[in-house]
Amino acid sequence: MTFKPLFRNRVIAVFGALVLAAGAHAAAPQVKTQAPGFYRTMLGDFEVTALFDGVIELTPKELLTNTTHAQVAKLLERSFEADKVPTSVNSYLINTGEKLVLVDTGAADKFGPTLGKLQANLKAAGYQPEQVDMVLITHMHGDHVGGLVVDGKLAFPNATVHAGKEDADFWLSEAVMKKAPAEAQMFFKAAQDSLNPYVQAGKFKPITSNAELVPGIKALAAHGHTPGHTIYTIESKGQKLVLWGDLMHVAAVQFPQPQVTISFDIDSKAAAVQRKKAYADAVKGRYLVGSAHLPFPGLGHLRAEGKGYAWVPVDYAPVAPVK
Ligand SMILES: [Zn+2]
Ligand SMILES: [Zn+2]
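Residues numbered from 1 in each chain as written. Chains lettered and ligands numbered in written order. Predicted model: local features only at pLDDT ≥ 70, side-chain atom pairs only at ≥ 80, totals over all residues. Heavy atoms only, no water.

What follows is about the packing of aromatic side chains. Per the stated rule, a full pass over the model turns up nine aromatic pairs. Arranged with centres 4.9 Å apart and planes meeting at 90°, the rings of Phe 170 and Trp 171 form a pair that is edge-to-face. An aromatic cluster is defined as three or more aromatic residues linked by ring pairs; in this entry it consists of Trp 244, Phe 255, Tyr 279, Tyr 309 and Trp 311. (Phe/Tyr/Trp six-rings, centres within 6.5 Å; stacked < 30°, edge-to-face > 60°.)

What follows is the structure, given as structure tokens:
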């Protein structure tokens with residue numbers, strides 16, 4: 001009988017230790033980091049890697065044009081968005097098996113601390129910037145060309161850079177810059193700081209026609225958002241991807257209402273024409289689309305819906321098809 005109190009004490013001690021252990025478990029610190037910013041898929045024989053540069057907050061009510069505040073507010077609410085929309089900045093890396101081609105480069109340090117993650121994500125995705133053979137620029141806004149130069153050096157030292165000639169003639173021209181309003185000066189500066197080192201090194205090649213730049217990759221003029229805005233078609237073994245650049249910015253609004261424009265457009269009427277043309281073609285062709293400012297990875301398909309369109313994002317899946 002003398003054992004009983006001892007036994008009870010032991011039980012209490014063990015139970016207490018278990019409670020303590022359970023308590024310690026619940027106090028695991030929150031990690032608060034996101035998954036690495038790359039997404040990979042195959043397109044025929046080509047490997048496509050979407051690269052995440054970060055997010056920037058856009059305020060569509062202030063920025064969108066050819067619409068009303070009330071209309072934008074209604075469409076944002078319908079898509080569970082608030083006044084500030086966290087907007088991805090996406091680039092795309094295509095390994096054709098012969099060439100490594102990067103389409104757009106992110107902002108580097110030109111748009112604040114929420115962007116500039118492209119270099120880190122390129123490396124996380126298993127590549128080095130020195131391996132890039134060609135950089136294709138959709139247009140010379142800072143969130144697309146900023147990543148060409150990092151710490152004053154060519155970020156892609158072995159690459160030639162291609163962009164629409166009309167964009168080079170506009171953004172890289174001192175004469176055009178001088179005539180532009182004060183609030184536009186920073187756009188010119190970002191373009192010149194990013195492109196001029198490649199121009200001086202003889203590594204910049206303006207695009208003058210809808211040409212095939214490497215087998216399977218073609219430039220297609222889609223002028224409007226900027227004077228030389230260019231989209232790129234990627235094709236391998238009958239599969240097709242079209243990279244839209246800045247044909248659209250705000251999914252919640254510009255899919256249901258393609259006529260809505262944005263104040264960043266240099267020629268908003270032409271930009272709307274190009275957007276409508278690209279939307280209709282994507283529905284007809286049923287091909288994959290990649291867009292610089294759709295939620296990462298910005299890859300998906302488009303279908304017609306009512307008088308507008310609806311976006312269908314890709315599934316998150318292994319690189320090879322599930323067998
Ligand atoms: Zn732009
Ligand atoms: Zn952009």
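A few words now on the coordination of the zinc ion (ligand 2). Coordination of the zinc ion (ligand 2) by the protein comes from Asp 143 (OD), His 144 (NE2), Asp 246 (OD), Asp 246 (OD) and His 293 (NE2), over a distance range of 2.0 to 2.8 Å. Donor residues binding the zinc ion (ligand 2) come from one chain and are separated in sequence as D-H-x101-D-x46-H. A spacing of 3.5 Å is found between the zinc ion (ligand 2) and the zinc ion (ligand 1), which share Asp 246 as a donor. Here His 144, found in helix 5 (residues 142-145), pairs with His 293, found in the loop between strand 16 (288-290) and strand 17 (299-305); they are 149 residues apart in sequence, far enough to count as distant. Exposure class is identical for His 144 and His 293. Each is buried. (Donors = N, O, S within 2.8 Å, 3.2 Å for Na, K, Ca; no water. Helix = DSSP H or I, 4+ residues; strand = E, 2+ residues; numbered from the N terminus. Buried < 20%, exposed > 50% of the residue type's maximum accessible area, 1.4 Å probe, protein only.)

Core analysis: the largest hydrophobic core is formed by 31 residues, its most contacted members being Met 140, Leu 148 and Phe 156. Those elements giving two or more residues to this core turn out to be strand 5 (100-103), helix 4 (118-124), strand 9 (160-164), helix 6 (165-171) and helix 8 (185-200). Membership of the second largest hydrophobic core comes to 21 residues, among which are Leu 43, Tyr 92, Ile 94 and Val 214. (Core = buried A, V, L, I, M, F, W, Y, C linked by side-chain atoms within 4.5 Å.)

Next up on the list: the side chain of Gln 274. Residue position: Gln 274 is located in helix 10 (residues 268-285). Ignoring sequence-local partners within four residues, the contact set of Gln 274 consists of Ala 221, Ala 222, His 223 and Leu 247. (Contact = heavy atoms within 4.5 Å.)

A few words on the coordination of the zinc ion (ligand 1). For the zinc ion (ligand 1), the full set of protein donor atoms is His 139 (NE2), His 141 (ND1), His 225 (NE2) and Asp 246 (OD), and the range of their distances to it is 2.1 to 2.2 Å. In this structure, the zinc ion (ligand 1) is coordinated by four donor atoms arranged in irregular fashion, with angles at the metal of 91 to 166°. Between consecutive donor residues of the zinc ion (ligand 1), the sequence gaps follow H-x1-H-x83-H-x20-D. (Tetrahedral: all angles 85-135°; square planar, octahedral: opposite > 155°, others 65-115°.)

Relative to the helices and strands, Tyr 316 resides in the segment after strand 18 (308-313). Put simply, Tyr 316 and Pro 297 are 19 residues apart on the chain and 9.7 Å apart in space, counted from C-alpha to C-alpha.

With that settled, the discussion passes to the sheet that holds strand 17. Across the sheet, which stays open at both edges, the seven strands sit in the order 11-12-13-14-16-17-18 with mixed pairing between neighbours. Edge positions in the open sheet fall to strand 11 (212-214) and strand 18, since each of these has one partner strand only. In this sheet, neighbouring strand axes are inclined to one another by 35° on average, regardless of whether the strands run parallel or antiparallel. Here strand 11 pairs with strand 12 (residues 217-221) via two bridges, running antiparallel. Looking at the pairing, Glu 212 lines up with Lys 218 of strand 12. Lying over the sheet, helix 10 contacts strand 12, strand 16, strand 17 and strand 18, oriented at roughly 95° with respect to strand 17. (Pairing = 2+ DSSP bridges. Axes fitted to C-alpha atoms, helices over the stretch in contact; angles between N-to-C directions.)

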